[in-house]
Amino acid sequence: MDAAFCTAWLEEAAAAVADGRERLTALDSAIGDGDHGANLDRGFSEVRQALAAGGAGQPLTVAGVTLIRKVGGASGPLFGSALRAMGKALPAEFTLADFATAFQAGVDEVVRLGKAEEGDKTMLDALGPAARALALAVREGAGAREALERAARAAREGAAATVPMVARKGRASYLGERSAGHEDPGAASSAMIVDALAAVGARW
């Protein structure tokens, strides 16, 4: 695995976010500002442009810095910091185990920056389970296709599990008990992005 794999993932993620923009907007309209889909789509469009320009550096680091600079609200800094941390943790060529370690580094950065934990009804409810599933798959000797699909499945299940939760972080937390009954948009977009990772892994 190398930088080309990371670029392919980012391209797939950008397409997934664009396709899911309206769904993310609807989810965020229920418990947030209603701009998550638009913001993330715009951010990944900027990522595509940055990668096309051939900027130096690990693609995930380039993408992370771009999202931090270009996307407002919480999603840009959080997704951007996660990708930047991953990029910094990866050598030029890496194994699936290296990637799993880097993925966990990205999740840890979201925890540090967002001061949240699983169960708070945030993106961590998708990313945390995905990181654990990926690490377990690596320990069990799974190949990239199976390991990344297991991570994607865990992310989807984690996002779905946010529906009954009461938000304890972010704008949704202002709603208190009324935040229950809605899927967290950050968890939903995280699951989309991990799904994109699995799609790339399936054909790599």
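The paragraphs below set out a description of the structure included in this document.

About the cut-offs
- Residues numbered from 1 in each chain as written.
- Predicted model: local features only at pLDDT ≥ 70, side-chain atom pairs only at ≥ 80, totals over all residues.
- Heavy atoms only, no water.
- Helix = DSSP H or I, 4+ residues; strand = E, 2+ residues; numbered from the N terminus.
- Expected span 1.5 Å × (residues − 1).
- Polar contact = N/O pair within 3.5 Å; in protein donor to acceptor, adjacent residues only side chain to side chain.
- Salt bridge = Lys/Arg side-chain N within 4 Å of Asp/Glu carboxyl O.
- Buried < 20%, exposed > 50% of the residue type's maximum accessible area, 1.4 Å probe, protein only.
- Core = buried A, V, L, I, M, F, W, Y, C linked by side-chain atoms within 4.5 Å.
- Contact = heavy atoms within 4.5 Å.
- Arc of directions from axis to C-beta.
- Phe/Tyr/Trp six-rings, centres within 6.5 Å; stacked < 30°, edge-to-face > 60°.
- Axes fitted to C-alpha atoms, helices over the stretch in contact; angles between N-to-C directions.
- Parallel < 35°, antiparallel > 145°, perpendicular 65-115°, else oblique.
- Left-handed = near helix turned anticlockwise from the far one by under 90°.
- Nonpolar A, V, L, I, M, F, W, Y, C, P; charged D, E, K, R; others polar.

With 17 residues, helix H1 (residues 3-19) ought to run about 24 Å at 1.5 Å a step, and its terminal C-alpha atoms sit 24 Å apart, in line with that. At the N-terminal boundary of H1, the capping side chain belongs to Asp 2, with an oxygen 3.1 Å from the backbone nitrogen of Ala 4.

As a working rule, side chains carrying opposite charge can pair if their charged atoms are close by. Under the criterion given, the structure shown has eleven salt bridges. One salt bridge in this structure joins Arg 150 and Glu 140, with 2.7 Å as the shortest N-O distance. With Arg 150 in helix H8 (residues 144-160) and Glu 140 in the loop between helix H7 (124-139) and H8, this residue pair connects regions lying ten residues apart in the sequence. Across the pair Glu 149 and Arg 156 runs a salt bridge whose closest N-O atoms are separated by 3.1 Å. A residue is classified by how much of its surface remains accessible, and Arg 156, at 34% relative accessible area, is partly exposed. Among the charged side chains, a salt-bridge network with shared partners connects Glu 140, Glu 146 and Arg 150.

This brings us to the nonpolar core. Counting 59 residues, the largest nonpolar core has Trp 9, Phe 44, Leu 60, Phe 99, Phe 103, Leu 134 and Val 194 as the members making the most contacts within it. Of all the elements, helix H9 (residues 185-203) adds the most residues to this core, at ten residues. The contact partners of Leu 60, leaving out residues within four places of it in the chain, are Cys 6, Trp 9, Leu 10, Leu 83, Arg 84, Met 86, Gly 87 and Leu 90.

As a further point, take helix H2 (residues 21-31). Those residues of H2 that sit buried are Leu 24, Thr 25, Leu 27, Asp 28 and Ile 31. Considered in projection along H2, the buried side chains sweep an arc of 165 degrees and stay on one side of the axis. Elements that come into contact with the buried residues of H2 comprise helix H3 (36-52) and H9.

Turning to the packing of aromatic side chains, a few remarks are in order. For the structure shown, the criterion picks out four aromatic pairs. Where Phe 5 meets Trp 204, the ring centres are 5.2 Å apart and the plane angle is 85 degrees; that geometry is what we call edge-to-face. You can see Phe 5 sitting in helix H1 and its partner Trp 204 sitting in the segment after H9, a full 199 residues away along the chain. Relative accessible area serves as the criterion here: at 1%, Phe 5 is assigned to the buried category. When its relative accessible area of 52% is taken as the criterion, Trp 204 is described as exposed. Between Trp 9 and Phe 99, the aromatic rings sit 5.9 Å apart at their centres with planes inclined by 70 degrees, giving edge-to-face as the arrangement. Here Phe 99 lies in helix H6 (residues 96-114) and Trp 9 lies in helix H1, a separation of 90 residues in the sequence. As far as burial versus exposure is concerned, Trp 9 and Phe 99 are alike and both buried. Members of the aromatic cluster, joined through ring pairs, are Phe 5, Trp 9, Phe 94, Phe 99 and Trp 204.

Another point: the side chain of Asp 41. Here Asp 41 shows up in helix H3. A residue is classified by how much of its surface remains accessible, and Asp 41, at 12% relative accessible area, is buried. In contact with Asp 41, other than residues within four places in its own chain, are Val 17, Ala 18 and Arg 21.

The next point concerns the packing of helix H4 (residues 59-70) against helix H5 (residues 75-89). The geometry of H4 relative to H5 is characterised by a closest axis approach of 7 Å and an angle of 160 degrees between their N-to-C directions. Regarding the angle of H4 to H5, the classification is roughly antiparallel. The hand of the H4/H5 crossing is left-handed. Listed contacts from H5 to Leu 60, Thr 61, Ala 63, Gly 64, Val 65, Leu 67 and Ile 68 of H4 are Gly 76, Pro 77, Phe 79, Gly 80, Ser 81, Leu 83, Arg 84, Met 86, Gly 87 and Lys 88. For the contact of H4 with H5, the residue count by class is nine nonpolar, six polar and two charged.

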